Amino acid sequence: MAAKVRPLVISIPAEDADRALVTLVPHTTSPQQSRFEAAVSVSFLRVGVFDAQNLITIPHAMLIRSLGKLSAGQLAPVELPCACGSGCRQQAPRHNKRMPQTAR
């Protein structure tokens, strides 16, 4: 049996010249305690984490249905691991240890 994918869709509306794509942050019920994971409690998903280390991009047409929406407060914990995973300067904390900064 294939695993069910319940991702968080991160997107803005596509304009005429844009490709109709969305970026997804997969949700997993098997956390690995990674700095790229964000635990968010929502009623429409089982207990688990969003895994920002496994971002994928797909066409709008592949989306099936919306299970729910995250509020700004629920989305905030997911944003830092996503930014960290894409190489932004600010990095996600890992177990209260200071992360090394990248050279300019």
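It should be noted that the structure appears before, not after, this text.
Every chain is numbered on its own, with residues counted from 1 as its sequence reads. Per-residue local features of the predicted model are confined to residues with pLDDT of at least 70, and side-chain atom pairs are confined, for both listing and counting, to 80 or more; whole-chain, interface and lining totals are unaffected and use all residues. The basis for every side-chain value is the complete set of heavy atoms in the structure, and neither hydrogens nor water enter the calculation.

A. Main features of the overall build of the protein. In this description a helix means any DSSP run of H or I spanning at least four residues, a strand means any run of E spanning at least two, and both kinds are numbered starting from the N terminus. Tallying secondary structure elements over the protein gives 1 helix and 6 strands in all. Helices and strands in the protein line up, N terminus first, as β-β-β-β-β-β-α. Exposure categories follow from relative accessible area, calculated using a 1.4 Å probe and restricted to protein chains: below 20% of the type maximum is buried, above 50% is exposed, and the middle band is partly exposed. Taking all 104 residues of the protein together, the buried fraction comes to 24%. All accessible areas in this document rest on Shrake-Rupley with a 1.4 Å probe, and a residue is counted as covered only by the protein chains that are shown. A total of about 8,100 Å² of accessible surface is found on the protein, and carbon and sulfur atoms cover 52% of it.

B. Spatial organisation of the side chain of Glu37. Note on placement: Glu37 falls in strand E4 (residues 37-39). Pairs of N or O atoms within 3.5 Å make up the polar contacts considered here, provided that, within protein, one atom can donate a hydrogen while the other can accept it, and that residues adjacent in sequence are counted only when both atoms are side-chain atoms. In terms of polar contacts, Glu37 uses its side chain to reach the backbone amide nitrogen of Gln32, at 2.8 Å.

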